[in-house]
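Close look at the chain arrangement
Chain residues, written in single-letter form:
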Amino acid sequence: MDLLPDLWRQDYWLPPGVTWKDMEQLDDSDRPQPCDLLIALPLALGFVAMRYVFERFFAPPMGRCLGVKNRLLVTAAPSPKLESFYTQRSRQPTQSEIVSLMLSSGKTQRQIEIWFRLRRNQDRPCQTKKFGEAAWRFIFYLTAFLAGLFCLIDRSWFWDHRECWRDYPVQRMERAHYWYYMLELGFYGSLLLRISVDIKRKDFKEQVIHHLATMFLLSFSYCANYIRIGTLVMLLHDSSDILLESAKMFNYGTGWRKTCDTLFIVFAVVFLVTRLVIFPSKIIHTTLVLSMEVFEPFAGYYFFNVLLMVLQALHIFWAGLILRMIYKFLNGKLEKDERSDEESEVEEEEEDKGDVDQEGECYWEKSKDTLNSKLSMLTNSCVLNNLTNHRSSVSDRMRKAQ
């Protein structure tokens, strides 16, 4: 029972010498209140519903305009024992498990391996689904960035970051900034609500950490009236995410390779500049150093900056993937998005195997099996012909001898 009052202790959230009463100098509509965060939940559910409508009715025609097509997949032949193992135990059986499956299913090792590859291919997300996800995020990031830029570009703290702390905490909150906060918070909440059904990518864990850190940052900065610096953080992040999602959209289409490559190069430059240069040198420097010109360190100061450091660590992780992509791009080896467009587990294995074609079919395996079958028939035919000829020759010699 005492936990809730302790949570809102002013020495946790506010600098020394500042109390909640100081913020009450502002009207209720002009200052952030913790209860306002409750609106994020219905907004998150609203975003989930809007996304469903968008991916169902608007994304498909957009995808057709860009030439997005689903791959043709060969389905695995029905096999109750293999299907039971696939769904209940593992998608990738070990060698010992394959031996056991050979005995129970009556199939050869090669047949079992091919069956599991085909079955995994059936679970791979289709191009239209991936395009729908990218298009939805692109629409939101573009809208959020333009709206954020519109309501911030003429504010003093946009150009002079010392203004983020002038008269703190008695800083009037504008309604535009309130909705900017709530919509961003609701959007990231919707991403977490949908994370179990969205495409699972290689950086799945990092994405979850990023979404949680972002939501904690938004919630804390709102309650502590760090809204000025918070809006700058959101605007900075949305700027490069627009380019990433647009590059993905063209990547899923047909005949847009040059456009996709151009967007990727622009995205890489913007990401590296905003996340590795501007974010630490401007945003973190502002919260870590410039804020100390106004107040002394306190618990919330450390908490806020630790979360910013977590985001910066994720930026470095993603920057490493992007630099690796740039290296492959310059060497003509770039085939997929190393950052977040590569499916973990399924697609990774299928593209490394080399025996599954781009359409998802085991073309090489089918051709090899057909060739082997024909060679076997030809060999058998030759052997039979030779044996028949040999027997005829022996019979002729025996008749002549008689």
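Criteria and cut-off values
Residues numbered from 1 in each chain as written. Predicted model: local features only at pLDDT ≥ 70, side-chain atom pairs only at ≥ 80, totals over all residues. Heavy atoms only, no water. Helix = DSSP H or I, 4+ residues; strand = E, 2+ residues; numbered from the N terminus. Buried < 20%, exposed > 50% of the residue type's maximum accessible area, 1.4 Å probe, protein only. Contact = heavy atoms within 4.5 Å. Areas by Shrake-Rupley, 256 points an atom, 1.4 Å probe, with all protein chains shown as cover. Axes fitted to C-alpha atoms, helices over the stretch in contact; angles between N-to-C directions. Parallel < 35°, antiparallel > 145°, perpendicular 65-115°, else oblique. Left-handed = near helix turned anticlockwise from the far one by under 90°. Nonpolar A, V, L, I, M, F, W, Y, C, P; charged D, E, K, R; others polar. Salt bridge = Lys/Arg side-chain N within 4 Å of Asp/Glu carboxyl O. Expected span 1.5 Å × (residues − 1).

Examining the overall build of the protein chain
Secondary structure summary: the protein chain contains 16 helices and zero strands in total. For the protein chain, the proportion of its 402 residues judged to be buried stands at 45%. The long-range fraction of contacts in the protein chain, counting pairs at least 24 apart against all pairs at least 6 apart in sequence, stands at 80%. Here the protein chain displays about 21700 Å² of accessible surface, and carbon together with sulfur accounts for 62% of that area.

Here we look at the packing of helix α13 (residues 257-288) against helix α14 (residues 299-330)
Here α13 crosses α14 at 155°, and the two axes come no closer than 10 Å. Comparing their axes, α14 and α13 come out roughly antiparallel. For the crossing formed where α13 meets α14, the hand is left-handed. In terms of residue class, the contact of α13 with α14 is made up of 24 nonpolar, four polar and two charged.

Some thoughts on the pattern of salt bridges
Inspection of the entire model under this criterion finds 20 salt bridges. Note that Arg91 and Asp123 form a salt bridge whose closest N and O atoms lie 3.9 Å from each other. You can see Arg91 sitting in the loop between α5 (80-88) and α6 (95-105) and its partner Asp123 sitting in the loop between α7 (109-122) and α8 (127-152), a full 32 residues away along the chain. Residue class for Asp123 comes out partly exposed when judged on its relative accessible area of 34%. Here Glu293 and Arg162 are joined by a salt bridge, their closest N and O atoms 3.1 Å apart. In this pair, Glu293 sits in the loop between α13 and α14 while Arg162 sits in the loop between α9 (156-159) and α10 (175-193), placing the two residues 131 residues apart along the sequence.

So, the environment of Thr287
Considering the arrangement of structural elements, one finds Thr287 in helix α13. Residues Thr287 and Phe304, spaced 17 residues apart in sequence, show a C-alpha to C-alpha distance of 8.3 Å. Excluding residues within four positions of it along the chain, Thr287 makes contact with Trp165, Ile229, Tyr301, Phe304, Asn305 and Leu308.

Overview of α14
Compared with the 46 Å implied by 1.5 Å per residue over 32 residues, the 46 Å span of α14 between its first and last C-alpha is a close match. Gly332 sits one or two positions beyond α14 and adopts a positive phi of about 70°.

Examining helix α11 (residues 204-223)
Each turn of an α-helix holds 3.6 residues, which means side chains three or four residues apart point in the same direction. With 20 residues, α11 extends 29 Å from end C-alpha to end C-alpha; this agrees with the ideal 28 Å at 1.5 Å per step. Of all the residues in α11, the buried ones are Gln207, His210, His211, Ala213, Thr214, Leu217, Leu218, Phe220, Ser221, Tyr222 and Cys223. Along its buried surface, α11 packs onto α2 (10-13), α3 (20-23), α10, α12 (227-252) and α14. Positive phi shows up at Asn225, right after α11, with a value of about 60°.

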